[in-house]
Protein chains: 4
Amino acid sequence: MQLASDNSGPALPAVMQAMSEANAGHMPSYGDEALMSRVRDRLRALFEAPQASVYLVATGTAANALALATLSQPWQTVFCTPLAHVHTDECNAPEFFTGGAKLSLVGEADKMTPDELQTAISAWPAGDVHNPQHGPLALTQATERGRIYSCAEITALAQVARDHGLPCYLDGARFANAVAALGCSPAEMTWQAGIDAVSMGGTKNGCLGVEAVIFFNAENAWEFELRRKRSAHLFSKHRYLSAQMLGYLADDLWLTTAQMANAQAAKLVQGLRGLPQVEITFEPQVNMIFARLPRATHQRLKAAGASYALYEGPLDQGPAEEPLLARFVCDWSITDAEIARFLDVARG
Amino acid sequence: MQLASDNSGPALPAVMQAMSEANAGHMPSYGDEALMSRVRDRLRALFEAPQASVYLVATGTAANALALATLSQPWQTVFCTPLAHVHTDECNAPEFFTGGAKLSLVGEADKMTPDELQTAISAWPAGDVHNPQHGPLALTQATERGRIYSCAEITALAQVARDHGLPCYLDGARFANAVAALGCSPAEMTWQAGIDAVSMGGTKNGCLGVEAVIFFNAENAWEFELRRKRSAHLFSKHRYLSAQMLGYLADDLWLTTAQMANAQAAKLVQGLRGLPQVEITFEPQVNMIFARLPRATHQRLKAAGASYALYEGPLDQGPAEEPLLARFVCDWSITDAEIARFLDVARG
Amino acid sequence: MQLASDNSGPALPAVMQAMSEANAGHMPSYGDEALMSRVRDRLRALFEAPQASVYLVATGTAANALALATLSQPWQTVFCTPLAHVHTDECNAPEFFTGGAKLSLVGEADKMTPDELQTAISAWPAGDVHNPQHGPLALTQATERGRIYSCAEITALAQVARDHGLPCYLDGARFANAVAALGCSPAEMTWQAGIDAVSMGGTKNGCLGVEAVIFFNAENAWEFELRRKRSAHLFSKHRYLSAQMLGYLADDLWLTTAQMANAQAAKLVQGLRGLPQVEITFEPQVNMIFARLPRATHQRLKAAGASYALYEGPLDQGPAEEPLLARFVCDWSITDAEIARFLDVARG
Amino acid sequence: MQLASDNSGPALPAVMQAMSEANAGHMPSYGDEALMSRVRDRLRALFEAPQASVYLVATGTAANALALATLSQPWQTVFCTPLAHVHTDECNAPEFFTGGAKLSLVGEADKMTPDELQTAISAWPAGDVHNPQHGPLALTQATERGRIYSCAEITALAQVARDHGLPCYLDGARFANAVAALGCSPAEMTWQAGIDAVSMGGTKNGCLGVEAVIFFNAENAWEFELRRKRSAHLFSKHRYLSAQMLGYLADDLWLTTAQMANAQAAKLVQGLRGLPQVEITFEPQVNMIFARLPRATHQRLKAAGASYALYEGPLDQGPAEEPLLARFVCDWSITDAEIARFLDVARG
């Protein structure tokens, strides 16, 4: 009943195996090893982007902050939703890496609409030295609430940005879950929809700690490399990042793992819907569920050892039937048995 | 004959084994896992510092830049040698992490003397708003030229810093090699000598990518945590950093591995001394050797597949007997057979 | 009919005179001149704060950005309204000077309420390394919409901040206009209400370019001086800043000038109320008026040479009676005749 | 006998007069006033550079730090001498404004040679992600020791920079003194010699506080404007900067004032040479003199009220004949009588 986060589970056996295989003999450092060439080739093929610049870093925040810094200037403002990870969960990493850019919040939810984006951009007059200047659009796919943008939605948002000459970044910490849910290709969800740079997360989907950052426009490449080094995110024994990513990409493991996680979440949602007094607050589309359950249900679950984020409280005091918001995340390793047991306990 | 760097070799089997063992089931993220508590306990015991704050990051540059930023202010200057890694090899990471502090260069070599430090500090008047303000002392142990400070030398340098109220940081990317060479305790080489914070490198000595940062003064703890998060160096699946460090610390592996690397380098030096026309430019004390060999010798070695850094050239043109500077580094995995073969080829 | 801004008018004769008088012979530089001692004494007396640290800078943005940087850390978030000058009109200066702090927006108007502030603070959990940390409260007095907080309102807001351990900064670019409107003392509006640092603007109220920054807590003094120097805002011929401020403070000129500007604005408002189809959007309390006038009225005014900011448009197309938002600012030099003429033209 | 600095003297009457004349009525703010158009035209004409971008700021450090930031990237290193103002006297302003660039020191004196520059550039391998990247050359003219580069010397240095693709900045805090000494045109000393951007100081040469920054390549213009605003150096009542500069430029006042200051310094040097036991340490070329005088001479001068910087000491203790280094600066207002009296006292 470990539903706290998709970063609390173990790594995939195939990824661990790739790490072991990479641990043989001497290799060049800092990404010059042959393994990284193979990573580059595979990701270019997967994204149908033979000219793309491909890099690896070890954390999602590094991927986001480095990509946004490469696409922006310190006097600009990034456009993102108020729930975006880059705004709420990175302790000002984007502000740090960009040298002091601002984040302007678009809309009020985890997904933005083209109209909301247009409104947010227009709120800052173009070409006026006094206010923050327009900078990149940052979308999150899947969102922090477990929802996804369709490729058409991404295209429409990117078009608004492009109309203002702004680059588009896609935070793909849960990239694989989104592709699995949409059934589209990586290319369709990114550069074909107008995305300039994307992170493709491995950490939350069965790796130890690796994220690919891909620029479809090669002019950003050298600056990104300098920013990565300057921020201490260039690994000397880079082979272990490469190996993780190779293991993750082999045999479509990245996709089948995400499909599995999404499927388990779907089972959990289905079960939750069968319970009384449960409110699903966002229609789950990937491996994350936001739902309100009665306090008494939470008490039973927590007492039985279930692990998940409870956003409202207190757990111990108040009416038994009062609904309290919680988040349940299925990582790849969640079993049918765990879900069944969770639902059993929830049923009471 | 892989002598390019101690970051080009593989990880220790025991470290890989610890990674595998840590890859079981769900765990709290971000350093809240039980493994990190054990790391903390072991490092506090090893350093005889029960109150020390202990953190893990994945790269040596992160350790250095985060520690220096925590100990300094943007309007200050760090004091280090002109050969210090923080000055020459981090693409301005210290300047970035500190928010724009300056590095003032002390002396002209890889080791500084107390007089040179005193001169460098005095070059900036204290309390004058116009010039950079005095900031932390940064020593490297072992140095970038393979030499070490004795504990007495560290004590004398730290005393100069303390006389000016300045904190002392020790870049211990090759901490274990230095302890192995000195035969002292970690405490003697650090807080007992006046060091306020130290990094203890694992990456170059048989880990995949992990460095401990230890503050002997607890008041820096929370700021360091915020800086680590803000710079994207807090790992979600932190367990794999903890596991590496636990494997590295078990059974004194960190020390015996360094002793082994130092011993292999000593064998190599001994062999090099037996060759004609070889000049050892710095008396090697750990696992790094700087030496000048005739061009013809380099040509034979490179042709035979030896890998190492050649600082002077060109390799292909010029007198056969002209001496050219090179660096040879022994990592833990270098065998007697490799050294013998290297010397055979060098002998011609 | 020059109502564009209180920074488009000339300087007060007495201020110009003080500049001329200061232009005699040699003096120490960088604020060490005797004139600055007199400034310090006068401002300490005016604020009834004998221990206050007092500094001069030349622009309001410098005052704001330096004060906020001194009161915050890069991983924190400042709390201000969405209309605050520091958010909308400084091209990310606060983010630059703080080293990348975030601005969290409180409420939706130019004034915030204690409840809104409490909500904004609580939106970021305390002590969680992942999100921005709580930083200073930044209030603007008078606001960007020409309104003022009462001393009781400031006290209530500062109390919310203090309950969370947060310092309070007051952007007083129009400090004098606010004091004039409230009829309170500078002390009542600042430290007695819980304010830790304040800027007292001279530029908009008859000086050439000078703002005082006052810290009621002396511990911030040296850091502010270093930040001022490092940001190139320490003037070598500082005497001309001191002289302006001395001229401005003499004979309560700062206050009588603001009273005059406020009074002229009151006359203008009274006149505007007498016109048909005029909507005063914010109840003006100082020297700024936000009002909607019919397009035809704007057309007449602009044609007659009136200068002011028109926020809606277009001027040339659309129904004659359509109301369009504009801002009218009275600086000290606006005469009764100008106001009368403006109203005449507006009347048609 | 006020020889402390050329920033301790008063402003020129013509400059004060221009300020008074500019203090009439309302004007657009932020550099949009007609006065600034005239400044732009005059400086373009003076520099024979019709396309140049021209800006005004109020301090020399702002000019330097903003120009260098515009010409560099945070991962680069600026090349300057160890005596450069940007290195020694700006409390890390260049590091702050550039976002953390490094300053690499060239040579060991106040002037650098092309060979020294070449050596300093070559010390950082090009295209290596690990070390700081090559950034702009920063020259100071006149230097901090009162010496000047000939136009040929500037050309030779700029050529070295250009060979590496690096832009060249000239810190002209004492620009006028240098032009006066060389007898060349502003164009010859700048863009014709390979300079990309230059500051032309007014503050030290009879203004209150104004420096022009001129880019000969228009592509830097908008970025400079954004950086100036973001660093709080864009003045709302910009007219007073424009007026100073106009007064300064009228009737070649900038040049004749510098000629006067240089001439007074020459008289002082001539007088000093006539004294026993005086050593002129740098051959003075502008309005600054570095000389060693016996302690007893200093004691007499200081007792008589002379004001200047004494770098060695103590004044009160030690052999009467011991030579102590001092700096004497003649600003425009130093009279023949003052110099005569100084020499009288010095003679004893």
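Going by the structure above, here's the rest.
Residues numbered from 1 in each chain as written. Chains lettered and ligands numbered in written order. Predicted model: local features only at pLDDT ≥ 70, side-chain atom pairs only at ≥ 80, totals over all residues. Heavy atoms only, no water.

What should I look at first to understand the overall build of chain A in this one?
When its secondary structure is counted, chain A shows 14 helices and eleven strands. Taking 2.2 N^0.38 as the reference for a compact globule, 348 residues should give roughly 20 Å; the C-alpha atoms of chain A span a radius of gyration of 21 Å, in line with that estimate. Seen through its C-alpha atoms, chain A measures out along the principal axes to roughly 60 × 55 × 30 Å. Across the 348 residues that make up chain A, the buried fraction comes to 64%. Just so you have it, chain A exposes about 11300 Å², and 50% of that area is on carbon and sulfur atoms. Distance from the positive charge centre (26 side chains) to the negative charge centre (36 side chains) of chain A: 5 Å. (Helix = DSSP H or I, 4+ residues; strand = E, 2+ residues; numbered from the N terminus. Rg over C-alpha atoms; globule rule 2.2 N^0.38 Å. Buried < 20%, exposed > 50% of the residue type's maximum accessible area, 1.4 Å probe, protein only. Areas by Shrake-Rupley, 256 points an atom, 1.4 Å probe, with all protein chains shown as cover. Lys, Arg positive; Asp, Glu negative; His and termini not counted. Charge placed at Lys NZ, Arg CZ, Asp CG, Glu CD.)

Explain helix α7 (residues 151-163) of chain A to me, please; I cannot follow it from the model alone.
Owing to its 3.6 residues per turn, the α-helix brings residues three or four apart onto one side. With 13 residues, α7(A) ought to run about 18 Å at 1.5 Å a step, and its terminal C-alpha atoms sit 18 Å apart, in line with that. For α7(A), the complete set of buried residues consists of C151(A), I154(A), L157(A), A158(A), V160(A) and A161(A). (Expected span 1.5 Å × (residues − 1).)

I keep staring at the environment of S122(C) and nothing clicks. Help me out?
Residues and elements named next belong to chain C. Following the sequence through the fold, S122 ends up in helix α6 (residues 114-122). Under the relative-accessibility criterion, S122 is labelled partly exposed at 44%. Each C-alpha atom, one on S122 and one on A309, is 37 Å from the other, the two residues being 187 residues apart in sequence.

Got a minute to help me understand the relation of the copies chain C and chain B in this structure?
Each copy of the chain is related to the other by a rotation around an axis and a translation along that axis. Expressed as a screw transformation, the operator carrying chain C onto chain B has a rotation angle of 180° and an axial translation of 0.0 Å, and the superposed copies differ by an RMSD of 0.0 Å. This pairing of chains is accounted for by a two-fold axis. For chain C, the residue whose C-alpha comes nearest the rotation axis is G99(C), separated from it by 3.2 Å. (Least-squares fit on C-alpha atoms with pLDDT ≥ 70 in both.)

Where do I start with the relation of the copies chain C and chain D in this structure?
Of the transformation superimposing chain C on chain D, the axial component is 0.0 Å and the angular component is 180°, with the fit at an RMSD of 0.0 Å. Interface residue correspondence from chain C to chain D reaches 100%, placing this contact among same-surface, isologous pairings. (Contact = heavy atoms within 4.5 Å.)

Could you clarify how one ought to interpret the interface of chain C and chain D in this entry?
When the parts of a complex come together, some accessible area is lost, and that lost area is often used as the size of the interface. Of the residues lining the interface, 47 residues belong to chain C; the matching set on chain D comes to 47 residues. When residues of chain C are sorted by the area they lose upon contact with chain D, H26(C), F96(C) and K237(C) head the list and together hold 21% of the total. Taken together, the links from chain C to chain D amount to zero salt bridges. One can count 25 residue pairs in polar contact (both at pLDDT 80 or more) joining chain C with chain D. Elements supplying a minimum of two residues to the side of chain C that touches chain D: α1 (13-22), α3 (60-71), α5 (93-98), α10 (221-230) and α11 (239-249) of chain C. Residue composition of the side of chain C that touches chain D, by class: 21 nonpolar, 18 polar and eight charged. (Buried area = accessible area lost by both parts, 1.4 Å probe. Salt bridge = Lys/Arg side-chain N within 4 Å of Asp/Glu carboxyl O. Polar contact = N/O pair within 3.5 Å; in protein donor to acceptor, adjacent residues only side chain to side chain. Nonpolar A, V, L, I, M, F, W, Y, C, P; charged D, E, K, R; others polar.)

Looking at this structure, I do not really get the interface of chain C and chain B. What am I missing?
Counting from both sides, the interface comprises 17 residues of chain C and, opposite them, 17 residues of chain B. Of all residues in chain C, W75(C), V129(C) and H130(C) bury the most surface against chain B, accounting for 41% of the area lost on that side. Between chain C and chain B we count zero salt bridges in total. At the junction of chain C with chain B, the criterion picks out four residue pairs in polar contact (both at pLDDT 80 or more). Looking at which element gives the most residues to the side of chain C that touches chain B, the answer is α10(C), with seven residues.

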